[in-house]
Amino acid sequence: KALKLIVTGGAGYIGSVCTARLIEAGHEVTVVDDLSTGHGDAVHPRARFIEGDAAETAETLLGEGFDGVLHFAAKSLVGESMSDPAKYWHGNVLTSIRLLDAMRKHGTPRLVFSSTAATYGEPKESPIAETAPTDPTNTYGASKLAIDHAITSYARAHGLAAVSLRYFNVAGAYGSYGERHTTETHLIPLVFQAATGERPHISIFGEDYPTDDGTAVRDYIHVVDLADAHLLALKHAAEGEHRIYNLGNGTGFSVRQVIDACREATGLDIPAEVAPRRAGDPAVLVAASDKAREELGWKPERTDLIGIARDAWEFAQARRAAKS
Ligand code: UFG
């Protein structure tokens, strides 16, 4: 059934890919984005677009009657969350509570929320299941965890059908929708900057981790597989329940393996140099996503690391061509 949906943060990386997949599946999407980190030209041409704060806009917009909200809009820089925590408590937590209140007021039945692996903090088990203790090591993760708690209680008390999806390392692109942060901190886009000479080399943050090659291991998941989990979450959301699912491939790749995959995907000899560890980085973060597979019927299909890198590279090159 075609649903009438609001996508907050639909001008951002994951939100724009999700919007495209939702529209292609026949849903009607209104994107709300304040363009603080998103890009107006990343909004799908068949989406209705309202530029504004997610909560403030939703408070009136939801009165039109919607089947659900996919809430991507958020501040998501770990380092910034430590130096400017207010931005995360206001921008993430308060905005989300206001959105929940507006949904409650207008009787909006479904919510899909972008949570994160950062809610778990330093892992006590690997791979990480949803039953693992949550003990975030940064304000970004703490803000997302606080929202998860709020959603749980709203779902129980007010009958909301809610799903939180805990993303691990999202990568790749979907045609003209991809990762283009003004402040780039993510490994793969930075590796491409080293490939094109925009930066002299890629720094490998730490080579003394207790992993096979000494570099940190992460679970890279293709953004299209991730987006498709949101469509399944909408379908399986159940009244009065808040379900939480990890989204990852369940396979870890080291920083060196990622750089090698990017060399393969680009055909370029990308210079890399070892640098000190980045503060707060765990050695290994890998998802157990059996729950999403079993309950949502989700199955990631783009798990090949070189394939993920290739899609990201095609997008990065197209952006470069558009800029010059
Ligand atoms: N890395 C480098 N060099 C760089 C950039 C990153 O070696 O120039 C390393 C990092 O140390 C890390 C790995 O590459 O080991 C991946 O780093 P990213 O910054 O791409 O991603 P993170 O794993 O740090 O962060 C991701 C999400 C965050 C989330 C976090 C924990 O992007 O939003 O996972 O779930 F908080």
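Nothing here was measured: the structure is a model prediction, and the numbers come from that model.

1. Let's talk about the UniProt feature "domain: NAD-dependent epimerase/dehydratase" (unreviewed entry) in the protein
The sites that UniProt annotates as "domain: NAD-dependent epimerase/dehydratase" (unreviewed entry) are residues 6-248. Along residues 6-248 one finds 38% helix and 20% strand; the C-alpha atoms at either end are 25 Å apart.

2. What to know about helix α10 (residues 305-323)
Counted at 1.5 Å a residue, the expected span for α10 with its 19 residues is 27 Å, and the 27 Å between its end C-alpha atoms agrees. Listed as buried for α10 are Leu-305, Gly-307, Ile-308, Ala-309, Ala-312, Trp-313, Phe-315 and Ala-316. Buried residues along α10 sit against β7 (169-171), α6 (187-196), β10 (220-222), β12 (253-254) and α8 (255-266).

3. Some thoughts on the site of the ligand
Contacts to the ligand come from 21 residues, most closely from His-186, Ser-203, Arg-218, Arg-278 and Asp-281. Contact between the ligand and Arg-278: an oxygen atom at 2.6 Å from a side-chain N or O atom of the residue. In the complex, the protein chains occlude 90% of the 690 Å² of accessible area that the ligand would expose alone. Elements with a minimum of two residues in the shell around the ligand: α6 and β8 (202-205). For the shell around the ligand, the element with the most residues is β8, which contributes 4 residues.

4. Observations regarding unusual backbone geometry
Between Ser-126 and the following residue, Pro-127, the backbone shows a cis peptide bond with an omega angle of 0 degrees. Here Pro-127 lies in the loop between β5 (110-116) and α5 (139-158). Within the chain, Leu-35 stands out as a residue other than glycine whose phi angle is a positive 60 degrees. Checked against the element boundaries, Leu-35 lands in the loop between β2 (28-33) and β3 (48-51).

5. A short note on the sheet that holds β12
Taken together, the 3 strands give an open sheet; going across it, the order is β12-β9-β14, and neighbouring strands pair in mixed fashion. Pairing within the sheet leaves two strands with one partner each, and these edge strands are β12 and β14 (284-285). Here 2 bridges tie strand β9 (residues 217-218) to β14, and the two strands are oriented parallel to one another. Pairing of Arg-218 across the sheet is with Leu-285, part of β14.

6. Some details on the pattern of salt bridges
According to the stated counting rule, one finds 14 salt bridges in the structure shown. Glu-241 is paired through a salt bridge with Arg-243; the nearest N and O atoms lie 2.8 Å apart. By relative accessible area, which is 34% here, Glu-241 ends up partly exposed. With relative accessibility at 21%, the residue Arg-243 sits in the partly exposed group.

7. Focus on the layout of surface pockets
A volume near 400 Å³ is recorded for the second largest pocket. Lining the second largest pocket are 21 residues; nearest its centre among them are Glu-179, Arg-180, Arg-319, Arg-320 and Lys-323. Every element with two or more residues in the lining of the second largest pocket is listed here: α6 and α10. A per-element tally of the lining of the second largest pocket places α10 first, with 6 residues. Taken together, the residues of the lining of the second largest pocket sort by class into 9 nonpolar, 5 polar and 7 charged.

8. Some details on the environment of Glu-64
Looking at the secondary structure, you find Glu-64 in the loop between α2 (54-61) and β4 (68-71). C-alpha separation for the pair Glu-64 and Pro-123, spaced 59 residues apart in sequence, amounts to 43 Å. Discounting chain neighbours no more than four positions away, the residues touching Glu-64 are Lys-4 and Arg-48. A polar side-chain atom of Glu-64 sits 2.9 Å from a polar atom in the side chain of Arg-48.

Parameters and conventions
Residues numbered from 1 in each chain as written. Predicted model: local features only at pLDDT ≥ 70, side-chain atom pairs only at ≥ 80, totals over all residues. Heavy atoms only, no water. UniProt positions renumbered as here; feature names shortened; annotations may be inferred. Helix = DSSP H or I, 4+ residues; strand = E, 2+ residues; numbered from the N terminus. Expected span 1.5 Å × (residues − 1). Buried < 20%, exposed > 50% of the residue type's maximum accessible area, 1.4 Å probe, protein only. Contact = heavy atoms within 4.5 Å. Near = heavy atom within 4 Å. Polar contact = N/O pair within 3.5 Å; in protein donor to acceptor, adjacent residues only side chain to side chain. Areas by Shrake-Rupley, 256 points an atom, 1.4 Å probe, with all protein chains shown as cover. Pairing = 2+ DSSP bridges. Salt bridge = Lys/Arg side-chain N within 4 Å of Asp/Glu carboxyl O. 1 Å grid on protein atoms, 1.4 Å probe; cavity = no way out; pocket = protein on both sides within 12 Å on 5 of 7 lines; lining within 4 Å. Points joined across faces, edges and corners; volume = space filled by probe spheres on them. Nonpolar A, V, L, I, M, F, W, Y, C, P; charged D, E, K, R; others polar.

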